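Fold and geometry: a report
Here are the chains, one letter per residue:
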Amino acid sequence: MDEFVENTDFEMSSEPGGIQKRRPYLKKFMLPDSDEDVPDMQKLYNVQESWRTLLQLPTCQKVMITDSVQKALKIQVGVNVTQEFPWKQLQYKDLRDVLFEELENAADLIKLFKGFNPENFVLIGYCPTLTEAEEDPPEGDPFIFYISSKDTKLAMGIIQNMEAFERWRMQRRLRKKPRRWVSMGTEQEMNILVENIRDVPVDVEIQSVYPIQQPRHIAYERRLARDVRDGVIELLPNESVKYDNIIKRRISVSVQVAPACVTQEQQTNPTFPSNAWSQYLYELDDADLELDESEKEEEEAGVRSRPVTPAPEDVVPKPPPEMSDQMKLLLDTLDFNQIDSYRNDYQLISTNKVVLYSNPFLQEFICFANISKSDKRYVASCDWYPSMSGLLAVSYAFSTPATSDLATHNVNFVQRAVLEPNPVLLWSFADNLNYKLEFEAPFEVTKLSFCPFNGDILIGGCQNGLLVLWDLQGRCEHLEEEEYLTPAQAKYRAMIGEFLDWTLDINEEVVVEPTIISPLESSPTGAITGIHWLSRHFYLNNFGKVFTDQDKRNHHKFFITCAFDGTVSFWNLDFEATKKGAQQRDKNLPKELTQNESMLKNKTIKPIYSLSYNEPLTGIIADTSVFSMQTPSPKVIYKSPANYPVTMVAKNPPELRQSLILSTYYGHIIRVEWQGMYSEAGAKEQVNSSINFAMVHDGPIVAVSKNPFYPEMFVSIGRTVFALWKEDYHDSPIIWRKRPCDLTAVAWSESRPAVLYITRNDGILEAWDILARDDDAVLTEVLGGGIITSVTEHRPSLPNKILGIGDYNSSIRMVKLPHSFDVPLDNELAKLMKYVLRQISRKISIRAWEQKYYELNKDIIEAKRQAEEEARKEMERLEREQQNIRKRPSDAEEDAGGKGKKLGGAPYNERMAKKFDELNLNRMMTILMSRKQMDPEKLARETALEKERLSYETAKKESHARLLQTVDEDVATIRSRILPAEVPDMQRSEMIAERVKNEMAMAQSYESVCEEAAEKLKNFPELKSIDYIELLERGMQRRQLLDQSLGGNTDRLLWYKEKLRDNQIFECDFGVDLLYNRRPLGPFPKVPSEESQAVEQEQEKEIRVTGDLEADVE
């Protein structure tokens, strides 16, 4: 929430007794002009009143939370929350499941939260002031939280103002700025300005380049520290102690106190002489060291009688000691050569102003994320709502053209398509915690676009080529409105809610169902990668012919889509979606009873014409409209800075040519033209490239974007290279630059023609200003360690210029751009066009020079090229011979197998004929490639992607076949998990009897165990101290532990049988070492003589423990 109004409509309410409540304190904190001119901090911003307002909000709930609940909710005081940072956001389902169970009024709170989405977040804060006045506070720590979203937004605004005020207050304490001198009256007591008449003149020599500026005369004198109250402390020894001063010898030393004069540079010589000598003589007369007679008398009188309350006496100031002649000479010299150490001579050096440069940076201020909806997904596409600012529609997908995945990562696409949701969410600047609308989609949406002529229509392109249309029916204009019910309506709704408490709670107000879905048979078969809108005066017929409507009253809605299967489709959206019945709604009825069905519900949308190209398409550049934003007055904007009405202004091309520029996943940029077909509607026209743009990209082209100010200019990014192009110049890009990492997204600035933003695979955003510098980015900002998949700029510039960035963790962050990227330069568009034309003319001149050089040196160049060609052919021949040598042994082995008719057993004429055919084929291929002027290396490089695609398709089909083979096993596994095998629940006695029977069958005889144990115990003399009784006691305790863990638990028995069946029982650790080494021993119970046969069997079993113990010791 960027702003907070101070004048809010709150009525004054009265409490019993006629006492009126105080108005809520909703003041917005504004930074003062100066940190020093703040007479009263309370008037600037009152923190106590803000806390009072937070506690008095209608839906504010105060609870005491114990330490265990704090740890479970991760709001532990002192660890997660403090008094300085007390606020956290928790999901409602966590509060309901953990906190409400500990509270007495849990039922009331659940009723208050009736209809609240469990996935939404609740604002909760630590408030220790609630229990400060209580002598015996209840158990736990005091917390507050809010139920209503309105109160939550209001509280967040107050919290943001409080935090801004605290930050400013702490910075004000740490930052001290130089201030102007404020007189306190001490200058009146200084007599340094009194002139001292000089009797003995001193001759000095002065050298200066510029005329000497004689400063104002200042007289020097000797004064004591107590004469002037300026904070100086004089440290004096005891007056009763006399010191013998040592006089320093007089040494005459010449001192150079001025730099050498340079005539070519400006000198700032001080005003004292350039050649002078000064004598520092420390001497005092003996008379100065003796005390005055008056002081001696006062001291003796004080020793004789010391009254308890002495009367104040006038203190006679002690006269200063007389100065020697040397001190007077020194003071006179300093007085003549006066030096002003505090003079600001910067004005004398230069009068030109200096420009202050600062490094631009991005400031993040809001983030949109909902992990429950978009976990493990990327931000695939986003688009801004055209009729109101601050509204953004975002789609999420598991993969994008810029992302990559490991080949070993196996994905069950059937399970993902059936079980995983396909989220498309609408976010608002007014609330960053909860999304405003959720659009249901049958498949992953890879591209989103709002209709610029009707903001209620949102079009999404799916992963399988379908086109989905949603009708918002004016919901965006009423997102912040709240529903007010009468007491009778509220009571009726609560009663109906109790009857329908068993139903699934779905927030239908935020869910938008698809209105129209294109038919599968007429839609593209690949993912939609681009949606572009045509001008409202252009239209196409079913035969692919383009027309311009001369009647300006007719407004068409045609748009173009491109898909990954190479299809370019033209769609028509010319049907009205009016809602005349909306004016007749009864305002007293709930919204659920007054929602009208969309007028587009029974419509059908199909492409009216389609083009087909033989490569996957990732982008399209056509004669489409570009749009700018018209904003209202600043008064309207600052009244509601998050969401205010805007108007889209289209910049239409003069004509619609039957030509397109396509970017492909194979790294090509080509121009195609279509002629139209006179056939049935829905037919596809196969097009071929008429013009190929220069190959500069080193990988797939993932995005292209047209400049909104200069539509003839566009940018493309592919792998690590981005390039700027002009539509009518295809021989070379205007500029192209190679970056150190793969590029993922690109977007032009909506306010500056020469600025574009590029994102990289390593989480770095680059801002390029073509006019400032074209060799590197002007701003490089690290935004995270993962991939950035989307970048978009908010068109309105007020109150701040915003850039949206979608990253790898399915969150889209909004950052504030620096001021330099918001304000356009003077004639920036004209400068950009001049720069483009200059680059094109330079490239044309270079190409002409290359052609001229080739014509002048054609023989040399052709001879060199022919020599290189012959050397390459010779290398290929040697390589083929080596391959034939390696193949001969394998051919001989195959011939020895004798299956079929082999070449080795063929007659000589057949073998020679086959060899001649191979040589003739190679010769013909060489002649054909030379006539076509094709380079074999270039051909192999260009066909590598196609070969890789074919191999990928083959591997994909094999993978699908393997998946189909494992479908039955997967279904059986899922069925076994859903319906586990029934295991009979055996009684404890039966289980004990069966286990004893198995153990007896597997156990050794007592005599063999005794002999083996005695033989092993001889090697460990330290075990002689352990007697037989203690050994049995340990075995008994181990037996009890095993009985407790395996007694009546059928799950453990089933687990034991499975481990035994899979031969994994010996890999399990039963904690025997822990039992023997750390288990305390208790008193050994006496066994009566009439013990049962089972007890004797257990004692024999304990003898086996001795062997286990010896093995552990070993």
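Regarding the overall build of the chain
For the chain, the helix and strand inventory stands at 25 helices and 40 strands. Looking at the chain as a whole, 34% of its 1114 residues qualify as buried. Across the chain, the fraction of contacts at a sequence separation of at least 24, relative to all contacts at a separation of at least 6, is 66%. Counting every atom, the chain has about 72,600 Å² of accessible surface; 52% of that belongs to carbon and sulfur.

A look at the sheet that holds strand β30 (residues 701–706)
Spatially, 4 strands are ordered β30-β31-β32-β33 in an open sheet, and the strand pairing comes out antiparallel. Two strands bound the open sheet, and with one partner strand each, they are β30 and β33 (735–738). Pairwise comparison of adjacent strand axes, ignoring direction, gives a mean angle of 15° for this sheet. Summarising the sheet, strand β31 (residues 713–718) and strand β32 (residues 721–726) pair through 6 bridges and their orientation is antiparallel. Bridged to I717 within β32 is F722.

So, the sheet that holds strand β12 (residues 445–450)
Ordered in space as β12-β13-β14-β16, the 4 strands form an open sheet in which the pairing is antiparallel. The two strands at the open ends of the sheet, each matched to only one other strand, are β12 and β16 (516–517). Pairing between β12 and strand β13 (residues 457–462): 5 bridges, direction antiparallel. Looking at β13, one finds that V445 is bridged to C462.

With respect to a nonpolar patch on the surface
Nonpolar side chains collect at one region of the surface, where Y492, M495, F499 and L500 lie side by side and expose about 460 Å² of accessible area between them. Turning to its location among the elements, F499 is positioned in helix α13 (residues 487–499). Given the relative accessible area of 60%, F499 is considered exposed.

Let's talk about the packing of aromatic side chains
Taken as a whole, this structure holds 33 aromatic pairs when the rule is applied. Seen from their ring centres, F453 and W533 are 6.4 Å apart, and the 90° between their planes marks the pair as edge-to-face. Of the two residues, F453 sits in the loop between β12 and β13 while W533 sits in strand β17 (residues 528–533), which places them 80 residues apart along the sequence. A relative accessible area of 5% means that W533 is categorised as buried. Aromatic ring contacts, followed pair by pair, group F365, F368, W384, W427, F429 and Y435 into a single cluster. Across from the ring centre of F398, 3.8 Å away, lies the NZ or CZ of R416, which sits over that ring.

Let's talk about helix α15 (residues 828–856)
Under the 1.5 Å per step criterion, the end-to-end length of α15 is 42 Å for 29 residues, consistent within 8% with the ideal 42 Å. Of the residues making up α15, those classed as buried are E828, L832, Y835, V836, Q839, I840 and K843. Looking at the buried residues of α15, the elements they touch are β31, β32 and β33.

With respect to unusual backbone geometry
A positive phi angle, near 55°, is found at R719, a position not held by glycine. Here R719 falls in the partly exposed class, since its relative accessible area comes to 40%.

Points about the confidence of the model for the chain
This prediction gives the chain a mean pLDDT of 77; 72% of its residues lie at or above 70. Predicted confidence for residues 577–586 stays below pLDDT 50, and this span has 11 contacts to residues more than four positions away or in other chains. Below pLDDT 50 for its whole length, residues 899–904 participates in 6 contacts with residues either more than four positions away or in separate chains.

Regarding the pattern of salt bridges
Considering all chains together, one arrives at 32 salt bridges under this definition. Across the salt bridge formed by D551 and R553, the nearest N and O atoms sit 3.2 Å from each other. The class for R553 is exposed, based on a relative accessible area of 72%. Among the ionic pairs, R657 bridges to E727, the shortest N-O distance being 3.2 Å. Of this pair, R657 sits in the loop between β25 (647–651) and β26 (659–664) while E727 sits in the loop between β32 and β33; the two residues are 70 residues apart in sequence, bridging distant segments of the chain. R657 gets classed as partly exposed once you look at its relative accessible area, which sits at 35%. Residue classification places E727 among the buried residues on the basis of a relative accessible area of 11%. Each of R739, R760, D762, E766 and D776 takes part in one network of salt bridges that share partners.

What to know about the environment of I764
Residue placement: I764 occurs in strand β36 (residues 764–769). Taking the relative accessible area as the measure of exposure, I764 reaches 13% and is therefore buried. Separated by 24 residues in the primary sequence, I764 and I788 have C-alpha atoms spaced 7.8 Å apart. What I764 contacts, discounting residues up to four positions off in sequence, is I758, T759, T780, E781, V782 and I788.

Some words on the pairing of strand β37 (residues 779–782)
The two faces of β37 differ: L779 and E781 on one face are buried, but T780 and V782 on the other face are not. Note: β36 against β37, 4 bridges, orientation antiparallel. Bridge pairing links E766 to T780 in β37.

Thoughts on the environment of D807
Secondary-structure assignment places D807 in strand β39 (residues 802–807). Sequence separation between D807 and L783 is 24 residues, and the spatial gap between their C-alpha atoms is 8.9 Å. D807 has contacts with Y378, V379, I787, I788, T789 and R813, leaving out every residue within four places of it along the chain. Among the polar contacts listed, one links the side chain of D807 to the side chain of S811, at a separation of 2.8 Å.

Notes on the pairing of strand β21 (residues 567–572)
Buried residues dominate β21, accounting for 5 of its 6 residues. From the end of strand β20 (residues 558–563) to the start of β21, which pair antiparallel, there are 3 residues, and G566 there has a positive phi angle of about 90°. Looking at chain direction, β21 and strand β22 (residues 607–612) are connected through 5 bridges and run antiparallel. Directly across from V568, in β22, lies its bridge partner L611.

As for the side chain of D151
Mapping D151 onto the fold places it in helix α6 (residues 149–174). Of the side chains with opposite charge, K150 comes closest to the buried, unpaired D151, at an N-O distance of 6.4 Å. Non-local contacts of D151, meaning those with residues more than four positions away in its chain, are made with L57, P58, T59 and Y146.

Structural notes on the side chain of T759
Turning to its location among the elements, T759 is positioned in strand β35 (residues 755–760). Look at T759 and you get buried, because its relative accessible area is 0%. Within the structure, the side chain of T759 is placed 2.7 Å from the side chain of T744, a separation counted as a polar contact. Leave out the neighbours within four places in its chain, and T759 touches D742, L743, T744, A745, I764, L765, I788 and V791.

A few points about the packing of helix α2 (residues 47–55) against α6
Two elements in contact, α2 and α6, have axes separated by 10 Å at closest approach and are oriented at 160°. Taken together, the axis directions place α2 and α6 in an arrangement best described as roughly antiparallel. Seen along the crossing, α2 lies across α6 with a hand that is left-handed. Mapping the contact onto sequence places V47, S50, W51, T53 and L54 in α2 and A155, I158, I159, M162, F165 and E166 in α6.

What counts and what doesn't
Residues numbered from 1 in each chain as written. Predicted model: local features only at pLDDT ≥ 70, side-chain atom pairs only at ≥ 80, totals over all residues. Heavy atoms only, no water. Helix = DSSP H or I, 4+ residues; strand = E, 2+ residues; numbered from the N terminus. Buried < 20%, exposed > 50% of the residue type's maximum accessible area, 1.4 Å probe, protein only. Contact = heavy atoms within 4.5 Å. Areas by Shrake-Rupley, 256 points an atom, 1.4 Å probe, with all protein chains shown as cover. Pairing = 2+ DSSP bridges. Axes fitted to C-alpha atoms, helices over the stretch in contact; angles between N-to-C directions. Patch = residues over 30% accessible without salt bridge, like charges linked within 9 Å, V, L, I, M, F, W, Y side chains within 5 Å. Salt bridge = Lys/Arg side-chain N within 4 Å of Asp/Glu carboxyl O. Phe/Tyr/Trp six-rings, centres within 6.5 Å; stacked < 30°, edge-to-face > 60°. Lys NZ or Arg CZ within 6 Å of the ring centre and 35° of its normal. Expected span 1.5 Å × (residues − 1). pLDDT = per-residue confidence, 0-100. Polar contact = N/O pair within 3.5 Å; in protein donor to acceptor, adjacent residues only side chain to side chain. Lys, Arg positive; Asp, Glu negative; His and termini not counted. Parallel < 35°, antiparallel > 145°, perpendicular 65-115°, else oblique. Left-handed = near helix turned anticlockwise from the far one by under 90°.

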